[in-house]
Amino acid sequence: ALGLATPTAIMVGTGQAARRGIYIRNGEALETSSKLTTLVFDKTGTITEGKPVVTDFLAAESEDEAALATFVASAEAPSEHFLGQALAAWARERGAKVRAAKDFNARPGRGVQAFVSGKTIRIGNAALLEEAGIDAAEFAAQAEAWSGEGKTPVFVAIGQRCAALLAVADRPRAGAKEAIALLHRLGLTTVMATGDLEATAQYIARQVGIDRVVARATPADKLALVRSFQAEGKRVGMVGDGINDAPALAAADVSFAIGGGSDVALEAADVTLMRSDLLSVADAIDLSRATLAKIRQNLFFAFIYNVLGIPLAALGMLNPVIAGAAMAMSSVSVVSNSLLLRRWKPQRRDA
């Protein structure tokens with residue numbers, strides 16, 4: 001019975017999770033999920049749908065829009081990032097001709113840099129331009145205004161001049177607000193770490209109810225954030241979907257990867273959510289707690305028969321036939337109790 005107490009509960013628990021599109025790599029991840037106190041979320045593709053579109057465009061005076069579109073399409077063509085794909089799609093819609101990009105360099109948490117038609121093209125956030133010593137003051141006010149509307153401002157620099165500003169917007173995932181509310185009811189603190197500007201990040205956080213926001217975060221910053229929470233004695237879970245999230249996913253006590261995310265994120269994660277639904281994160285944590293409760297109950301059933309039976313046997317008051325039946329019943333009790341996990345259902349979303 002003692003040997004069955006833990007594995008039977010874990011088998012039933014992981015089976016229940018799999019039926020709901022939640023794939024848990026091992027029993028340790030299932031157990032640790034029940035003890036999480038803090039969840040850190042990526043934004044793009046995790047909190048949001050990961051299908052951003054360009055909503056606004058502003059070019060500097062004397063800049064040719066067609067030429068800008070060509071530079072954007074060419075520089076972003078090799079990119080696998082959601083924002084890069086949105087920018088490339090916007091440029092192609094304007095008839096841009098994709099030219100060969102040399103020395104393409106994706107800067108995690110910053111943007112991309114490439115050499116197109118003899119010119120260095122940088123596309124990304126203000127930090128990318130600051131690092132290159134490019135002045136973007138002309139677009140600063142507009143970038144701040146768009147950020148306040150929940151849009152992500154993206155700067156385009158040609159050589160050492162800032163040539164244009166675009167705004168990219170994404171919508172929160174369906175069910176994201178309900179998932180965050182359910183996580184709060186489970187007693188977890190929620191944090192969103194993103195490379196976006198503070199205003200953009202706060203706008204999305206307000207929509208879904210996130211407790212805390214860390215903006216302009218690079219992959220290294222996300223990793224440091226996870227480790228800082230762990231240093232405070234907190235059990236930290238990380239939810240992400242991209243290459244940028246992989247270091248933090250690997251460092252977290254339990255990592256959750258969105259099923260449609262990058263292979264690197266999926267490989268680093270302890271739990272894979274095949275439905276790309278944040279409610280699955282809450283379900284996984286709730287189910288892990290139910291499984292751990294069953295393990296404790298199983299250990300009780302396994303011990304109680306021995307605690308009662310051994311003294312009686314020592315006193316000669318226990319018939320061997322009855323002792324054998326009690327031993328069998330302890331195993332039956334453990335297995336039957338574990339199977340009750342099959343009746344587990346997700347918590348009510350509207351509670």
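Computed from a predicted model, the values in this text were never measured in an experiment. (Residues numbered from 1 in each chain as written. Predicted model: local features only at pLDDT ≥ 70, side-chain atom pairs only at ≥ 80, totals over all residues. Heavy atoms only, no water.)

A.B. asks: Explanation requested: the sheet that holds strand S10 (residues 212–214) in the structure shown.
C.D. replies: If you walk across this open sheet you meet the 7 strands as S1-S13-S12-S11-S2-S9-S10, and the pairing is mixed. Edge strands, defined here as strands with exactly one partner in the open sheet, are strand S1 (22–24) and S10. The sheet shows a mean angle of 20° between the axes of neighbouring strands, taken without regard to direction. Bridge count for strand S2 (residues 38–41) against strand S9 (residues 189–193) is 4 bridges, and the pairing is parallel. (Pairing = 2+ DSSP bridges. Helix = DSSP H or I, 4+ residues; strand = E, 2+ residues; numbered from the N terminus. Axes fitted to C-alpha atoms, helices over the stretch in contact; angles between N-to-C directions.)

A.B. asks: Explain the pattern of salt bridges here, please?
C.D. replies: A side chain of one charge can pair with a side chain of the opposite charge if their charged atoms are brought near each other. Enumeration over the complete set of coordinates arrives at 14 salt bridges. Put simply, Lys222 and Asp42 hold a salt bridge, and the shortest N to O gap is 3.0 Å. Of the two residues, Lys222 sits in helix H10 (residues 219–231) while Asp42 sits in the loop between S2 and helix H3 (43–47), which places them 180 residues apart along the sequence. Side by side, Lys222 and Asp42 carry an identical accessibility label, which is buried. Asp56 is paired through a salt bridge with Lys151; the nearest N and O atoms lie 2.8 Å apart. Within this pair, whereas Asp56 is found in strand S3 (residues 53–59), its partner Lys151 is found in the loop between helix H7 (140–148) and strand S7 (152–158), the two being separated by 95 residues in sequence. On the basis of relative accessible area, Asp56 is assigned to the partly exposed category, the value being 21%. For Lys151, a relative accessible area of 17% puts it in the buried group. Within this structure, Asp42, Lys222 and Asp245 form a network of salt bridges that share partners. (Salt bridge = Lys/Arg side-chain N within 4 Å of Asp/Glu carboxyl O. Buried < 20%, exposed > 50% of the residue type's maximum accessible area, 1.4 Å probe, protein only.)

A.B. asks: Can you walk me through helix H8 (residues 176–185) in this structure?
C.D. replies: An α-helix turns once every 3.6 residues. As a result, residues three or four positions apart point the same way. Those residues of H8 that fall on the buried side of the exposure criterion are Ala176, Ala179, Ile180, Leu182 and Leu183. Looking down the long axis of H8, one finds its buried residues gathered within 160° of arc, a one-sided arrangement. Where H8 is buried, its residues meet S2, H3, S9, helix H9 (198–208) and helix H13 (279–314). With its phi angle positive at about 90°, Gly187 sits one or two positions after the end of H8. (Arc of directions from axis to C-beta. Contact = heavy atoms within 4.5 Å.)

A.B. asks: I keep staring at the environment of Gly118 and nothing clicks. Help me out?
C.D. replies: On the secondary structure map, Gly118 appears in the loop between strand S5 (111–116) and strand S6 (119–124). You can call Gly118 exposed: its relative accessible area is 54%. Along the chain, Gly118 and Ala9 lie 109 residues apart, while their C-alpha atoms are 63 Å from each other.

A.B. asks: How should the pairing of S9 be read in this particular structure?
C.D. replies: Side-chain direction in a regular strand flips from residue to residue, so the side chains alternate between the two faces of the sheet. Of all 5 residues that make up S9, 4 are buried, and the element is covered over most of its length. Sheet analysis places S9 next to S10, joined by 3 bridges and oriented parallel. Considered in S10, the bridge of Met192 is made with Val213. Read from S9 through H9 to S10, the crossover connection turns out right-handed. (Right-handed = clockwise from strand over helix to strand, strands pointing away.)

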